[in-house]
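Here's the letter readout for the chains.
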Amino acid sequence: MKGHRTLEAPKLLGITWPFIAVVVFQVALGSLSLYTLSAVRAYVAGESLWSKAQKDAIYYLNLYAETRDDSTYQRYRQAITVPQGDHQLREVMDQPSPDLDAARQAVLQGGNHPDDVERIIWFYRNFRNVSYMQTAIDYWDIGDDYLGKLDMLAVEMRSSFAAGPVDARTLSDWKARIVTINEGVTPAAKAFSDALGEGSRMLLRVLLITNLLTAMFLIAIAWRRSSKLLAQRQAFASALQEEKERAQITLQAIGDAVITTDVEGSIGYMNPAAEQLTHWQAGQAQGLPLSALFSLVDEQAEEDGRSLVEQVLSGSLKGGAEHARLIQRLDGSTVSVNLVGSPIVNDGQVSGIVLVLHDMTQERQYIANLSWQATHDALTGLAN
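Fair warning: this is a prediction, and the values are worked out from it, not measured in the lab. (Residues numbered from 1 in each chain as written. Predicted model: local features only at pLDDT ≥ 70, side-chain atom pairs only at ≥ 80, totals over all residues. Heavy atoms only, no water.)

Peer 1: How would you summarise the overall build of the chain if you had to cite specific residues and measurements?
Peer 2: Per the secondary structure count, the chain includes 12 helices and six strands. Counting across all 384 residues of the chain, residues that qualify as buried make up 33%. Accessible area for the chain stands at about 23200 Å²; split by element, carbon and sulfur atoms hold 58% of it. (Helix = DSSP H or I, 4+ residues; strand = E, 2+ residues; numbered from the N terminus. Buried < 20%, exposed > 50% of the residue type's maximum accessible area, 1.4 Å probe, protein only. Areas by Shrake-Rupley, 256 points an atom, 1.4 Å probe, with all protein chains shown as cover.)

Peer 1: Which residues make up the pairing of strand β6 (residues 349-359), and what values do they have?
Peer 2: Bridge analysis of strand β1 (residues 257-262) against β6 gives six bridges, and the strand direction is antiparallel. Within β6, the residue paired with T260 across the bridge is V354. Pairing analysis gives 10 bridges linking strand β5 (residues 334-346) to β6, with the strands arranged antiparallel. For G341, the partnering residue across the bridge sits in β6 and is L355. Between the end of β5 and the start of β6, which pair antiparallel, lie two residues, with D347 showing a positive phi angle near 55°. (Pairing = 2+ DSSP bridges.)

Peer 1: Any details on the sheet that holds strand β4 (residues 324-329)? Residues and values, ideally.
Peer 2: Here six strands make up an open sheet; going across it, the order is β2-β1-β6-β5-β4-β3 and the pairing antiparallel. Only two strands of the sheet have a single neighbouring strand rather than two, namely β2 (267-270) and β3 (294-296). Neighbour-to-neighbour, the strand axes of this sheet turn through a mean angle of 35°, independent of strand direction. (Axes fitted to C-alpha atoms, helices over the stretch in contact; angles between N-to-C directions.)

Peer 1: Give a detailed account of the confidence of the model for the chain, specifying residues and quantitative values.
Peer 2: Of all residues in the chain, 86% have pLDDT values of 70 or greater, and the mean over the chain is 81. In this model residues 1-7 is a low-confidence stretch, pLDDT under 50, and it forms seven contacts with partners more than four residues away in sequence or in other chains. (pLDDT = per-residue confidence, 0-100. Contact = heavy atoms within 4.5 Å.)

Listed below in structure tokens is the structure:
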């Protein structure tokens, strides 16, 4: 049973599936890593927008206190919208069942690119409680608290300006509060940026190590599988060689002449019996046409008109029937043989023929002796 299993040809899927699995897994891991890094990049870009917006908001509100210009206040409102959108995103995402549509609108309000919306939401949902991300969000909350106070001050200033003239003391108080808010939000913004940057670098290192370890593990699996396939191939080749050697020994041992040719009739193999029958050495005859060894000279061959190779390929000389022929060798001698031929088929294609020739000389001599004994007296040798 083991010999039969060794000789079974392995299926293509059975050979390639480990390597396909390795490629698919590595591609999936690489895609996840790239998506995660892209989400981190989107967060870093968002932090840059938040930081710039809070600085602009403080600048324009301080300028509004001096100029009371309505366009300056509108610029403040435009700047403060960015951190307010980010703040709204956290409030929505921290809910047990977050409203994703509202979260998307908040991300866009924060000035982020539309292509980064889904990445930012995905990253927040999956990495919200990671240590570096949690630290960054804590500083983010501190900064938003200061910006909330800044916006309350802006509303107060807007109402006071609308009500009438504002004295210098009130203006001085407003500017002092703006300075205090700026002094509080700036360290928080820097800490937020530092924590987010450190988190992104740590995540990059983790993903790099994970990819390297995974690649090494997958390479080990592929190596082991390849070694197993090579061992199976070697066993298959050894078994095939053994089968070939057994076939060669069998062909050399049998008494009938065995000759193989290609479809053109060029000789490929002759066993010792064929050498003895044709008076040719196998090494000398290899590659020569079959007609170089012998030719058919009986009447049946002349009536057929086809070459011996054509007769075999057409199925005229199949086994199971007597095909007595008289062949003439190169030296002019003739011998009567019983000839059987069959095409050699590999993968559905005919690649040559095999001929088996049984020397009928002894049988004919035996028949002649029997015939003589039947018609002559055994003692006198005279005809009956």
